[in-house]
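So you can see what is in the structure, the chains are spelled out below.
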Amino acid sequence: MEGTEELTLEQMAFMMILHSGNARSTIQEAIQTYKNGSYEAFETRLATAREQLKEAHQTHFGQIQKEANGEKTDMSLLLLHAEDHLMSTQTMLDLTASLIEMMEQKIVNPNQEG
């Protein structure tokens with residue numbers, strides 16, 4: 001993510017929370033659209049969630065690069081919260097995609113075991 005080198009640690013944490021929070025909300029919307037039978041809208045929303053999560057990961061990676069280059073990172077509750085938010089949203093995205101894939105396999109081939 002360009003421009004993150006000028007951000008404070010707190011600003012970076014808030015950016016991570018913002019983007020991962022947007023991704024989480026979009027994943028929840030995607031699940032609802034899937035339940036309502038809008039499969040194309042589901043895929044579109046999931047793609048949007050992936051882009052939001054990518055923004056959060058890039059912000060996080062920018063901080064990791066700073067630390068790797070010798071800039072000390074002060075740990076804070078805010079940063080821990082941002083990282084937790086990021087990782088739980090990533091898990092939610094992965095799990096949602098996997099569950100939908102499993103459901104679609106059962107719909108296409110309902111006699112398939114496993």
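The text that follows walks through the structure, step by step, so that each part is easy to find. Treat the numbers as computed from the prediction; the structure is a model and nothing was measured.

What about the nonpolar core?
Step number 1: Counting residues in each nonpolar core, the largest one holds 17 residues, and the members touching the most others are Ile 27, Phe 42, Leu 46, Leu 53, Ala 82, Leu 86 and Leu 93.
Step number 2: Listing elements by their share of this core, those giving two or more residues are α1 (9-35), α2 (39-68) and α3 (77-108).
Step number 3: Ranked by residues supplied to this core, first place goes to α1 with seven residues.

A short note on the packing of aromatic side chains
Step number 1: Following the criterion strictly, the structure yields two aromatic pairs and no others.
Step number 2: A centroid spacing of 5.0 Å and a plane angle of 65° characterise the contact between Tyr 34 and Tyr 39, whose relative ring orientation is edge-to-face.
Step number 3: A relative accessible area of 47% places Tyr 39 in the partly exposed class.
Step number 4: Ring centres of Tyr 34 and Phe 42 lie 5.1 Å apart, and the angle between their planes is 65°; this geometry places the pair in the edge-to-face category. You'll find Tyr 34 and Phe 42 in the same group, each marked buried.
Step number 5: Among the aromatic side chains, those forming a connected cluster through ring pairs are Tyr 34, Tyr 39 and Phe 42.

What counts, and at which threshold
- Along each chain, numbering runs from 1 in the same order as the chain's sequence is written.
- Where totals are concerned, whole chains, interfaces and linings use all residues; where local detail is concerned, this predicted model gives features only for residues with pLDDT of at least 70, and gives and counts side-chain atom pairs only at 80 or more.
- Calculated side-chain values reflect all of the structure's heavy atoms, with hydrogen atoms and water omitted.
- Joining through side-chain atoms within 4.5 Å is the link that ties buried Ala, Val, Leu, Ile, Met, Phe, Trp, Tyr and Cys residues into a set, and such a set is a nonpolar core.
- Each residue's exposure class comes from its accessible area (1.4 Å probe, protein chains only) as a fraction of the maximum for that residue type: buried when under 20%, exposed when over 50%, partly exposed otherwise.
- Elements are defined by DSSP. Helices are runs of H or I of four residues or more, strands are runs of E of two residues or more, and each kind is numbered from the N terminus.
- Each aromatic pair joins two rings of Phe, Tyr and Trp (for Trp, the six-membered one) with centres within 6.5 Å, and gets the label stacked for planes under 30 degrees apart, edge-to-face for over 60, and tilted for any other angle.

None of the figures reported here should be taken as evidence of function without further support.
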